[in-house]
Amino acid sequence: MNNRQIPIFPLDIVVFPGEIIPLHIFEPRYLDLVKKIKEGKFDSFGINTQLHHDLQPVGTSMVLTEIKKEYGDGRIDIEVRGINRYLLEHFHTNMPGNTFPGGQVIDFPEDQADHPMENESLKQQIAELFKLLNIREKMPILTLPFHSYTWAPYIGLPLEKRYILLKTTDERERQAYIQKHVDQILPVLKEAEAVKKKVQSNGHLPEYYQKN
């Protein structure tokens, strides 16, 4: 495992390896971080999840992929991509010699490429989930080999479940966790869609929903 020191950005989000996300940067210390990344002083930084105001130990290394917009008051919109997971061993509110937080981390070896999923029925369940969530633009990923981090951003996982998936070390266990989540959420979404269609066709709620 690789032990290294990196800047840390605590946020109320979970980012998976390979996931691309936008960030709006406005705090001076993180504007300073982006500046130093652009200058080549750092090649990456880490995002660690804050749950209930507690910083969680498993984080994701991020690289800056694009400066999307620069505002006149100094704020910027950027795009970043997750690379790999790590364990945060020591956290420093101020990284030595810098204005932003940092920490000593140990990288996790990633195993997901070794276990592509062969469960076609789950792929079809997720395809149905995409339609119900109205994210048809994500349908092309159905043609890719199934790896948990490829699909996890799009299946409606709440923050705590996203973090559980992130910190799970075995790819097969992560795939099983996704299966459990889909089995739980898909019937709920189907029922909601059925009620919606019923209301649209009748103009009123079914008798059962009027009583409950």
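Quantities reported herein were computed from a predicted structural model and do not represent experimental measurements. (Residues numbered from 1 in each chain as written. Predicted model: local features only at pLDDT ≥ 70, side-chain atom pairs only at ≥ 80, totals over all residues. Heavy atoms only, no water.)

Can you walk me through the nonpolar core in this structure?
Nonpolar side chains tend to gather and get buried jointly when the protein is soluble and globular. Within the largest apolar cluster, 27 residues are counted, with the highest numbers of intra-cluster contacts made by Phe16, Ile126, Leu129, Ile155, Ile178 and Val182. Elements supplying a minimum of two residues to this core: α2 (120–132), α3 (148–151), α4 (159–167) and α5 (171–202). Contacts of Ile126, omitting those with residues within four sequence positions, involve Phe146, Trp151, Ile155, Ile178 and Val182. Counting residues in each nonpolar core, the second largest holds 19 residues, with Ile21, Phe42, Ile47 and Ile76 among its members. (Core = buried A, V, L, I, M, F, W, Y, C linked by side-chain atoms within 4.5 Å. Buried < 20%, exposed > 50% of the residue type's maximum accessible area, 1.4 Å probe, protein only. Helix = DSSP H or I, 4+ residues; strand = E, 2+ residues; numbered from the N terminus. Contact = heavy atoms within 4.5 Å.)

I tried to follow the pattern of salt bridges on my own but got confused; where do I start?
Where side chains of opposite charge bring their charged atoms close, a pairing between them can arise. Taken as a whole, this structure holds ten salt bridges when the rule is applied. For Lys36, the salt bridge is made with Asp32, and the minimal N-O distance between the two is 3.8 Å. With a gap of four residues between them, Lys36 and Asp32 both fall in helix α1 (residues 28–38), about one helical turn apart. Comparing Lys36 with Asp32 shows no difference in burial state: the two are buried. Sharing partners across several salt bridges, the network here consists of Lys35, Glu39 and Lys41. (Salt bridge = Lys/Arg side-chain N within 4 Å of Asp/Glu carboxyl O.)

Quick question: what am I supposed to make of α2 here?
Since the α-helix advances by 3.6 residues per turn, residues separated by three or four positions end up pointing in the same direction. Its 13 residues give α2 an end-to-end C-alpha distance of 19 Å, which sits within 8% of 18 Å, the value for a rise of 1.5 Å per residue. Along α2, the residues that are buried comprise Leu122, Lys123, Gln125, Ile126, Ala127, Leu129 and Phe130. (Expected span 1.5 Å × (residues − 1).)

What is the right way to read unusual backbone geometry from this model?
Not every positive phi belongs to a glycine, and His53 is a case in point at roughly 70°. Note that His53 resides in the loop between β3 (45–51) and β4 (54–70). Using a relative accessible area of 79% as the deciding quantity, one classes His53 as exposed. Despite not being glycine, Asn134 shows a phi value in the positive range, around 60°. As for its placement among the helices and strands, Asn134 is situated in the loop between α2 and α3. Under the relative-accessibility criterion, Asn134 is labelled exposed at 55%.

When you look at the pairing of strand β1 (residues 3–11) in this model, what are you seeing that I'm missing?
Along any regular strand, the residues point their side chains to alternate faces of the sheet. Counting buried residues in β1 gives seven out of nine residues, a clear majority hidden from the surface. Bridge count between β1 and strand β6 (residues 102–107): five bridges; the pairing is antiparallel. What sits directly across from Asn3, in β6, is Ile106. As defined by bridge partners, β1 adjoins β3 across four bridges and the pair is classed as parallel. Paired with Leu11 across the strands is Thr49, a residue of β3. (Pairing = 2+ DSSP bridges.)

Teacher, can you tell me more about the side chain of Asp32 here?
Its relative accessible area of 18% is what places Asp32 among the buried residues. Side chain to side chain, Asp32 and Thr99 meet in a polar contact 3.0 Å long. (Polar contact = N/O pair within 3.5 Å; in protein donor to acceptor, adjacent residues only side chain to side chain.)

Would you mind showing me how to read the environment of Phe100 here?
Take Phe100: it is sitting in the loop between β5 (76–92) and β6. Given a relative accessible area of 0%, Phe100 falls into the buried group. For the pair Phe100 and Pro28, spaced 72 residues apart in the sequence, the C-alpha separation amounts to 8.9 Å. When near neighbours in sequence (up to four residues on either side) are disregarded, Phe100 contacts Pro7, Arg29, Tyr30, Asp32, Leu33, Lys36, Phe42, Thr93, Asn94 and Met95.

Please clarify how the packing of aromatic side chains should be interpreted in this entry.
In this description, an aromatic ring pair is defined by two values, namely the gap between the centres and the angle between the planes. Inspection of the entire model under this criterion finds five aromatic pairs. Taking the centre distance of 6.4 Å and the plane angle of 45° together, the rings of Phe9 and Phe45 count as tilted. Here Phe9 is found in strand β1, whereas its partner Phe45 is found in strand β3, with 36 residues between them in sequence. The burial state of Phe9 is the same as that of Phe45; both residues are buried. A ring pair is formed by Phe16 and Tyr149, whose centres lie 5.6 Å apart and whose planes are at 25°; its orientation type is stacked. Placement of the pair is Phe16 in the loop between β1 and β2 (20–25) and Tyr149 in helix α3, with a sequence separation of 133 residues. Clustering of aromatic rings is evident, with ring pairs tying together Phe9, Tyr30 and Phe45. Sitting over the face of the ring of Tyr71, Arg75 holds its NZ or CZ atom 4.1 Å from the ring centroid. (Phe/Tyr/Trp six-rings, centres within 6.5 Å; stacked < 30°, edge-to-face > 60°. Lys NZ or Arg CZ within 6 Å of the ring centre and 35° of its normal.)

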